[in-house]
Amino acid sequence: MKLPTTQLTRLLALLLAFGLVAAACGGSDAEDGSDAGSSTDSSEEATDDSAADSTDDGGEDAAADSDACGAGATTVGFLYVGPKDDFGYNQAAYEAAVAMGESTGVEVLHAENVPETIEDAVPVMEDMIAQGATILFPTSYGHFQPAVEVAAAHPDVCVVHQGQLESSLDEPLDNLGTYFASVFEPVYLAGIAAGSVTESNTMGYIYAFPIPQTLQNINAFALGAQSVNPDAEVIAVSTADWCDPAKQAQAAQTLLDQGADVLTQHQDCTKTIIETAEAAGAYSVGYHYDASELAPEGWITGSDWAWTPLYVDIVETMIAGEFVASPYNGDYRIGYQDADAPFVAFEPSEFGAVVDDDTKAAVADALASLTADEDGDGVGDFNIFAGPISDRDGEVRIPDGTAPTYTELDELMGFASWFVAGVEGSLE
Amino acid sequence: MIEAILVGAVRGGTSIVYATVGETITERSGVLNLGTEGSMLAGALAAYAIGVETGSPWLGAVAGLVAGLALSLVHALLVITRGANQVATGLAVTFLGIGLTSLYGQGYVSQGVVPFESVAIPGLADLPFLGPILFDHDPLTYLSFAIVPAAWWLLYRTGLGLRIRAAGERPDVLSTMGTSPARVRWTAVAIGGALAGLGGAQLATAFARTWSEDMVAGKGFIAVALVIFAGWNPLLTIAGAYLFSGAVAFELELQARGAGISIFVLDAIPYLVVLAVLALLSGRRRHAAPESLDSVFDTGGA
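Definitions and cut-offs
- Residues numbered from 1 in each chain as written.
- Chains lettered and ligands numbered in written order.
- Predicted model: local features only at pLDDT ≥ 70, side-chain atom pairs only at ≥ 80, totals over all residues.
- Helix = DSSP H or I, 4+ residues; strand = E, 2+ residues; numbered from the N terminus.
- Rg over C-alpha atoms; globule rule 2.2 N^0.38 Å.
- Buried ≥ 20, exposed ≤ 12 C-beta atoms within 10 Å, placed from the backbone.
- Contact = placed C-beta atoms within 7 Å.
- Core = buried A, V, L, I, M, F, W, Y, C linked by C-beta atoms within 7 Å.
- Expected span 1.5 Å × (residues − 1).
- Pairing = 2+ DSSP bridges.
- Axes fitted to C-alpha atoms, helices over the stretch in contact; angles between N-to-C directions.
- Arc of directions from axis to C-beta.
- pLDDT = per-residue confidence, 0-100.
- Parallel < 35°, antiparallel > 145°, perpendicular 65-115°, else oblique.
- Left-handed = near helix turned anticlockwise from the far one by under 90°.
- Nonpolar A, V, L, I, M, F, W, Y, C, P; charged D, E, K, R; others polar.

A word on the overall build of chain B. What chain B contains, in helices and strands, is 13 helices and two strands. A compact globule built from 302 residues would reach a C-alpha radius of gyration of about 19 Å, and chain B, at 19 Å, matches this within 12%. In terms of its C-alpha atoms, chain B occupies a principal-axis envelope of roughly 60 × 45 × 40 Å. Considering chain B as a whole, with its 302 residues, one finds that 60% of them fall into the buried category. Contacts spanning at least 24 positions in sequence make up 79% of the contacts within chain B whose residues lie at least 6 apart.

Pasting the structure below:
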């Protein structure tokens, strides 16, 4: 039985179906419209609805009286790989971006959930440039290639990428820089606390990808724990995703079943793992953002980003037209080791009730030795990764007498390279 | 290790069990619904949001069921009543679900909720081996144990089940008997959407304890594949769902034990398992497919 109008009906239905797809895409990109109110009035949400139509013209004449990129900037764009309310990496960056806007008076554009691909991230940045942005902060590790593309196409726009190294490029760009904070230092301190608290001497580390920062964190956590508890072991498990809550829950259960009584993580969204640990009566070490409210019983401590002072300094440097001559136009890394740095870009979370006074004192001692500069060379005296350090197979990776700088460390502990002894988990 | 994998299979597989059972009922009526992924997302967000607002995970579960059902009705309207291509429509409904939940889920990302807690069944939970695998779960997981035989009973022991199967095999006969295949299919699609929504609710409020954009991450599509694995038999859906999530648990277990395999290969294992099983079984299963599954729009306009 055939309807007489079958063809017309199908055509209509097909159009409607395409409409639904379009609605879906529009919806997911325009999501910032229902902002929960934490952003300021001057902050405006970027959508990439118009990105496909936007041209390069917007940014070309946007620079003020100086030729330097970002000089006189009034608008700054931020890209996040995930949602701004993830209790994690993106929330920390978002809140610091808002605070930076309040402090410097620039208008801040935000784009959440920007995938780490050139097809997705470049149009978002082009759209921000069309809206007048002359400074861009792509904040996720995988936003680097899109950032390079945009920087090359817009010499008058400053692009600073959070996470990777500009020196990895064959040709450095005048208007591009990379920055990050050596967050493995507070992670080492958290490792001291966790190594003291663990009863099973087994701690689980749930991570996304074996990138240098992650390996530094896992190795620093293990070294910190072993500095107070030589029997402490870390089991590292990858979810192969920055935020897949179901996989996180599954990974957390696997680690708890393996006897881990402390769970920590390098994920963008942190809630699932912390709540799973808490429900199982295990301890939690947070990352990115203070999530202690999620684990009233088992919270140990954590490492939180505190990007605001760095963002403010970067933006003010650019507005003054001084980016090219600044340390931000290259590989910029800060941490406790910079004895002269005016600020760090992270802070340890508050301790939970399970941490005793002796442990707090041990953490404070380690922190003091990281920042102490007795010999006055501008570098802290205690380097977490000072050689000799061998990998778990016994091969010496950091030779005796070597105290790697932050940028050298990214080379010494490259992608999927090595774990220290006492870390279990696949890596190849 | 086997016990840990089986525990992981049940814990991680519950949401997929619901979706697969639901899709089985839908497909038995002769409708393919690729919008299952979208219904799961709608269910996950609705359950989480209502859970946050009311503090009751049970009200959340009801909301998840209703949201999954509501989205599936879009599919029913377009495919059954308007005769649209069911593959394109199902995909569009899923994208609609992704978009709507991203939009309305903004305020709920990682917000607090009262999640379902695990309830160990006294006595049984202490059994060696079987105790942790079967008797230490959240209430929605226990409910899923009952949903599977209930779906079988519905399909093979009730009048509605007979009509659903008839709509899938011989809608012309059903029509001759004075029953509208379209109306039966609407019912079957709605049941499938409701169960997918309940699966999403379990994912957000019992398993992952969070809402995050696109958190279903393909489980709805896996469910559609597992229907074929199960040969459209609701009793076998549970095996398919546990096979997939058991493969996830197996992969994580291998990592934790330091297997010298790339994590990227390990991450692909659950999907490779489903593909391999489909490749092995599809020849044998083909006869089990409801006859009018690929021609719904030609026979449904009664």
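Counting residues in hydrophobic clusters, the biggest one holds 232 residues, and the most contacted among them are Ala93, Ile218, Phe221 and Val262 of chain A together with Ala44 of chain B. When residues in this core are grouped by element, the largest group, 16 residues, is from helix 9 (residues 181–207) of chain B. When neighbours within four sequence positions are excluded, Ala44 of chain B is seen to be in contact with Gly64, Gly200, Ala201, Leu203, Ala204, Trp211, Met215 and Val216 of chain B.

Right, let's get into helix 2 (residues 36–54) of chain B. Spanning 19 residues, helix 2 of chain B covers 26 Å between terminal C-alpha atoms, matching the ideal 27 Å at 1.5 Å per step. Two residues or fewer past helix 2 of chain B, Gly55 of chain B is found with a positive phi of approximately 75 degrees.

This paragraph deals with the sheet that holds strand 10 (residues 283–288) of chain A. Residues and elements named next belong to chain A. The seven strands lie next to each other as 13-11-10-9-7-8-16, forming an open sheet whose pairing is mixed. Strands with a single pairing partner mark the edges of an open sheet, and in this sheet they are strand 13 (346–348) and strand 16 (423–424). Across three bridges, the pairing between strand 11 (residues 299–305) and strand 13 is antiparallel. Considered in strand 13, the bridge of Asp304 is made with Glu347. Set on the sheet, helix 9 (residues 271–279) makes contact with strand 7 (202–207), strand 9 (262–266) and strand 10; between it and strand 10 the angle comes to about 170 degrees.

This part covers helix 11 (residues 357–371) of chain A. Residue and element names in this part refer to chain A. For helix 11, spanning 15 residues, the distance from its first C-alpha to its last is 21 Å, which sits close to the expected 21 Å at 1.5 Å a residue. Those residues of helix 11 lying buried are Thr359, Val363, Ala366 and Leu370. Projection of helix 11 onto a plane perpendicular to its axis shows the buried side chains occupying an angular sector of 60 degrees, all on one side. In helix 11, the exposed positions that point more than 90 degrees away from the buried face belong to Asp357, Asp358, Ala361, Ala364 and Asp365. Of the surrounding elements, those touching the buried residues of helix 11 are helix 6 (184–197).

Before going further, it helps to spend a moment on the environment of Ile319 of chain A. Residues and elements named next belong to chain A. The topology assignment puts Ile319 in helix 10 (residues 308–319). For Ile319 and Phe209, which are 110 residues apart along the polypeptide, the C-alpha to C-alpha distance reads 35 Å. Apart from residues no more than four positions distant in its own chain, Ile319 is found in contact with Gly70, Ala71, Gly72 and Ala73.

The next thing to look at is the confidence of the model for chain B. Residues and elements named next belong to chain B. On average, residues of chain B score 92 in pLDDT, and 96% of them are at 70 or above. Per-residue pLDDT stays below 50 along residues 297–302; that stretch engages in 20 contacts with residues further than four places along the chain or on separate chains. Interface confidence for the predicted complex, expressed as ipTM, amounts to 0.91; the pTM equals 0.84.

Bringing the packing of helix 1 (residues 2–28) of chain B against helix 11 (residues 234–256) of chain B into the picture now. Residue and element names in this part refer to chain B. Between helix 1 and helix 11, the least distance of the axes is 6 Å, while the angle of their chain directions is 140 degrees. Classed by the angle they form, the pair helix 1 and helix 11 counts as oblique. Like other packed secondary-structure pairs, helix 1 and helix 11 cross with a definite hand, here right-handed. Classifying every residue of the contact of helix 1 with helix 11 gives 16 nonpolar, nine polar and one charged.

Here we take up unusual backbone geometry. Along the chain, Gly387 of chain A connects to Pro388 of chain A via a cis peptide bond; the corresponding omega equals 0 degrees. The topology assignment puts Pro388 of chain A in the loop between helix 11 and strand 14 (389–390). For Arg209 of chain B, which is not glycine, the phi torsion reads 55 degrees and is therefore positive. Its place among the elements puts Arg209 of chain B in the loop between helix 9 and helix 10 (219–229). Positive phi is not limited to glycine here, since Trp232 of chain B has a value of about 60 degrees.

Attention shifts here to the environment of Trp211 of chain B. Residues and elements named next belong to chain B. Relative to the elements of secondary structure, Trp211 occurs in the loop between helix 9 and helix 10. Note on Trp211: 32 C-beta atoms within 10 Å, which makes it buried. Trp211 has contacts with Ala44, Leu45, Tyr48, Gly105, Tyr108, Val109 and Ala204, leaving out every residue within four places of it along the chain.

So, about the confidence of the model for chain A. Regions with low pLDDT carry predicted coordinates that are not meant to be interpreted in detail. Residues and elements named next belong to chain A. With 84% of its residues at a pLDDT of 70 or more, chain A shows a mean pLDDT of 85. When mean pLDDT is taken per element in chain A, strand 7 scores highest with 98 and helix 2 (residues 57–60) scores lowest with 40. Within the model, pLDDT remains below 50 along residues 1–65, and this stretch shows 127 contacts once partners closer than five positions in the same chain are excluded.

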